[in-house]
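Coordinate inspection notes
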Protein chains: 2
Amino acid sequence: MSLLVVGSVALDTVQTPFGKRDEMLGGSAVYCALAACHFTDVKLVGVVGDDFHNDATELLRQRNIDLSGLETRPGKTFRWSGVYADDMNDRDTLYTALNVFEAFNPTIPEDARTAEYVFLGNISPKLQLNVLEQMGKPVFVAMDTMNFWIDSARDELLEVLSKVNAVIINDAEAKQLSGSTNVVQAARNIQQTGCSTVLIKKGEHGCFQVCGEECFIAPAYPLEKVLDPTGAGDTFAGGFMGHLARARGTDSRTLREAVVYGSVMASFVVEQFGVDNLLQLTEAMIRQRYDEFRRLVSF
Amino acid sequence: MSLLVVGSVALDTVQTPFGKRDEMLGGSAVYCALAACHFTDVKLVGVVGDDFHNDATELLRQRNIDLSGLETRPGKTFRWSGVYADDMNDRDTLYTALNVFEAFNPTIPEDARTAEYVFLGNISPKLQLNVLEQMGKPVFVAMDTMNFWIDSARDELLEVLSKVNAVIINDAEAKQLSGSTNVVQAARNIQQTGCSTVLIKKGEHGCFQVCGEECFIAPAYPLEKVLDPTGAGDTFAGGFMGHLARARGTDSRTLREAVVYGSVMASFVVEQFGVDNLLQLTEAMIRQRYDEFRRLVSF
């Protein structure tokens, strides 16, 4: 079963207490795709400038990621730079240069329109709607969003929410979107939009999912050292959607497993800079950490 | 198997967004004892002033809490008052009047010195050592502490840690005590003191336990409404120690179960003001919520 991922492709310059990396391959679609490709076929839709490295394209292709929806436009690729504080919980954005991403208008290739699983990365709600209109009848669509859209495009965002199966956001966004500081109330309020599964990521505190009436809580993997938190949320989404596509299910049990696979992939990605760790993972490593998650919460 | 609880007995005046209560029965020993008495026999050691209500004493006695170690001294009972912010995560202390608690010097009654399970509430490390010296050979001792003692009596605190089996503290205290902002590193550092089980409470984010090499994570119960968070930590300790005493075990599996029972009791106490909810709980209610915790993390 194939997964369509729509989002940003970027070159990230990141500084953490453990080092600095310049112009690493990044962006929501890249992190999500590189996580999901361990589980299922992935088609990536995004845009890059004519400065985008061939070896980056090659790297994605080697992971069997279908790049027929990756458009190259004249101009520069989206660039982002951030610096993380000592405890890794706060980060300052040094610059955001949208470049060709500013005019991104996703066109879904013909053969990707029948994808049964779709992840709408953090792009404008208008573009997310635009993607949905191009799609056939996907089985399960999950979306991300951010504070900027919650503030500036609330009505369109609510429309997207009414049309998707799941939203994957962080706790600050959930509180902003719902108006509630209580995470359970926040999730319940967001369900009122019509989106039946709400997944709230709480970073080192794990993740809270409501799916219909049911609550599920997954911890974050207890890591002694986080090298670079960039992309953890999109990597989570990749593991989550990848497992759903692989398992061909959207029942409550499969959704719980998917949350754990999302958490597994996120726990790996932050152990190295950028996407590095996603590139060297094996099925056995993923399975082993999944089993460790089970031991971690068993009683 | 009986549990000895040493700590404060107080009259708390608490204001939360949901109301205000004056001079409620409170204090670390009271919350811990009223939680633990659902699991095991409890002996309470503490001090009150001659203004302490007879009906409060009666209430504890009705729960089979042995008060032969509750001393009455001339003067006033310890009083504390606090006000909680809207999101319940921050609180301001309005006043702390130690009164007779200032000169508290716990004397353990003869028949309590053979207690096999001991909880040392948040009193000075010197007094905690003093209690330990009076005891026979307890099977399992857990302790609490706070920022004040970590700052002002670090050496004595480290001595207590070297003599107990478990420490139950919150994340801010764990970071202060260990010097690490990473919760896993913090727990590992604290284990170096000789205390093999470290339990870090993270409020609404649940609780992290390391026991030897093993990690265990329990969520907090997802509550839509928290009326009054006062005493949640001591209530957790009561459920935790109560289960250990009841199960007569200190193996890793029993410690995990104990963490969940602690979380169950804490989730109940915050649903009402003060100790109110602890007074009306039944075994069936506790069992039911314990089972809900299992469903909450199952995958």
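Please refer to the structure placed before this passage.
A brief look at the structure comes next. Everything numeric in this text was worked out from a predicted model, so none of it was measured. (Residues numbered from 1 in each chain as written. Chains lettered and ligands numbered in written order. Predicted model: local features only at pLDDT ≥ 70, side-chain atom pairs only at ≥ 80, totals over all residues.)

Considerations on the overall build of chain A
Heads up, the condition is: Going along the chain from the N terminus, every DSSP run of H or I of four or more residues is numbered as a helix, and every run of E of two or more is numbered as a strand. Each radius of gyration is computed over the set of C-alpha atoms, and the globule rule expresses the reference value as 2.2 Å times the number of residues to the power 0.38. Contact definition: two residues whose C-beta atoms, as placed from backbone geometry, lie within 7 Å.
A tally of helices and strands in chain A yields 11 helices and 13 strands. Its C-alpha atoms give chain A a radius of gyration of 18 Å, within 12% of the compact-globule value 19 Å for 299 residues. Counting only C-alpha atoms, chain A reaches 50 × 45 × 35 Å along its principal axes. Counted over contacts in chain A with a minimum sequence separation of 6, partners at least 24 positions apart contribute 65%.

Quick look at the pairing of strand β11 (residues 197-201) of chain B
Residue and element names in this part refer to chain B. Spelled out, the test is: Counting other C-beta atoms within 10 Å of its own, a residue is labelled buried from 20 upward, exposed at 12 or fewer, and partly exposed in the gap between, with every C-beta atom placed from the backbone. When DSSP finds two or more bridges between two strands, those strands count as paired.
The buried fraction of β11 is high, at five of five residues. Burial along β11 is two-sided: T197, L199 and K201 and V198 and I200, pointing in opposite directions, are all buried. Bridge count between strand β10 (residues 166-170) and β11: five bridges; the pairing is parallel. Looking at β11, one finds that N170 is bridged to K201.

A word on the packing of helix α3 (residues 125-134) of chain A against helix α5 (residues 154-163) of chain A
Residues and elements named next belong to chain A. Basically, it comes down to this: Each axis is a line fitted through C-alpha atoms, and for a helix only the stretch in contact is used; angles between axes span 0 to 180 degrees, taken between their N-to-C directions. In a left-handed crossing the near helix is turned counterclockwise from the far helix by less than a right angle, and in a right-handed crossing that turn is clockwise.
Closest axis-to-axis distance for the α3/α5 pair is 8 Å, and the angle between their directions is 35°. Viewed along their axes, α3 and α5 form a crossing whose handedness is left-handed. Residues P125, K126, Q128, L129 and L132 of α3 pack against E156, L157, E159, V160 and K163 of α5.

Describing the sheet that holds strand β11 (residues 197-201) of chain A
All names here are of chain A. In spatial order, the strands read β5-β4-β1-β8-β9-β10-β11-β12-β13; together these nine strands make up an open sheet with mixed pairing. Strands with a single pairing partner mark the edges of an open sheet, and in this sheet they are β5 (65-73) and β13 (214-218). When strand polarity is set aside, the average angle formed by the axes of neighbouring strands in this sheet is 15°. Alignment of strand β12 (residues 207-211) against β13, held across five bridges, turns out to be antiparallel. Residue pairing for β13: F208 is matched across the bridge by I217. Relative to the sheet, helix α6 (residues 171-178) contacts β10 (166-170) and β11, its axis offset from that of β10 by approximately 115°. Helix α8 (residues 232-247) rests against β1 (2-6), β8 (117-120), β9 (140-143), β10 and β11 of the sheet, and its axis sits at about 170° to β8.

Here we look at the pairing of β5 of chain A
Residues and elements named next belong to chain A. Basically, it comes down to this: The path from the first strand over the helix to the second decides the hand: if it runs clockwise while the strands point away from the viewer, the crossover is right-handed.
Both strand β4 (residues 41-49) and β5 contribute to a ladder of seven bridges, which runs parallel. Bridging from a neighbouring strand, V42 pairs with I65 of β5. At this point the chain moves from β4, through helix α2 (residues 54-62), to the parallel β5, and the crossover so formed is right-handed.

A word on the relation of the copies chain B and chain A
Heads up, the condition is: The copies were overlaid by least squares, fitting only the C-alpha atoms of residues that reach a pLDDT of 70 or more in each copy.
If you rotate chain B by 180° and push it 0.0 Å along the axis, it lands on chain A with an RMSD of 0.0 Å. Such a combination of rotation and displacement between the chain copies is what one expects of a two-fold axis. Among all residues of chain B, the minimum C-alpha distance to the rotation axis is found for H205 of chain B, at 2.9 Å. A shared binding surface is used by both copies, with 100% of the interface residues of chain B retained as interface residues in chain A.

Side note on the packing of helix α6 (residues 171-178) of chain B against helix α7 (residues 183-191) of chain B
All names here are of chain B. Keep this limit in mind: With respect to orientation, any angle under 35 degrees is reported as roughly parallel, any angle over 145 as roughly antiparallel, any angle of 65 to 115 as roughly perpendicular, and every other angle as oblique. Throughout, the ten residues Ala, Val, Leu, Ile, Met, Phe, Trp, Tyr, Cys and Pro are labelled nonpolar, Asp, Glu, Lys and Arg are labelled charged, and all others, Gly among them, are labelled polar.
Where α6 contacts α7, the two axes come as close as 9 Å, and the packing angle between them is 60°. With respect to each other, α6 and α7 are oriented oblique. Like other packed secondary-structure pairs, α6 and α7 cross with a definite hand, here left-handed. Residues D171, A174, K175, L177 and S178 of α6 form the contact with α7, whose own contacting residues are V183, Q185, A186, A187, N189 and I190. A breakdown of the residues in the contact of α6 with α7 according to their chemical character gives six nonpolar, three polar and two charged.

Some remarks on the sheet that holds strand β8 (residues 117-120) of chain B
Note: strands within a sheet are paired through backbone hydrogen bonds, in either parallel or antiparallel orientation. Residue and element names in this part refer to chain B. Reading across the sheet, the nine strands line up as β5-β4-β1-β8-β9-β10-β11-β12-β13 and stay open at both edges, with mixed pairing between neighbours. Each having just a single partner strand, β5 (65-73) and β13 (214-218) make up the two edges of the open sheet. For this sheet, the mean inter-axis angle between neighbouring strands, taken without regard to orientation, is 15°.

Side note on unusual backbone geometry
In the Ramachandran plot, E23 of chain A falls in the positive-phi region, its phi being about 45° despite a non-glycine side chain. Mapped onto the secondary structure, E23 of chain A falls in strand β3 (residues 19-26).

Focus: the interface of chain B and chain A
Interfaces are often described in size by the accessible area the parts lose on coming together. With 22 residues of chain B at the contact, the number on the chain A side is 22 residues. Listing elements by their share of the side of chain B that touches chain A, those giving two or more residues are α7, β13, α9 (252-269) and α11 (283-297) of chain B. In terms of residue class, the side of chain B that touches chain A is made up of 12 nonpolar, four polar and six charged.

Considerations on the environment of L278 of chain A
All names here are of chain A. Within the secondary structure layout, L278 lies in helix α10 (residues 276-280). Taking the C-alpha atoms as reference points, L278 and T235, separated by 43 residues in sequence, lie 8.8 Å from one another. Ignoring anything within four residues of it in the chain, the contact list for L278 reads L34, A35, T235, F268 and V269.

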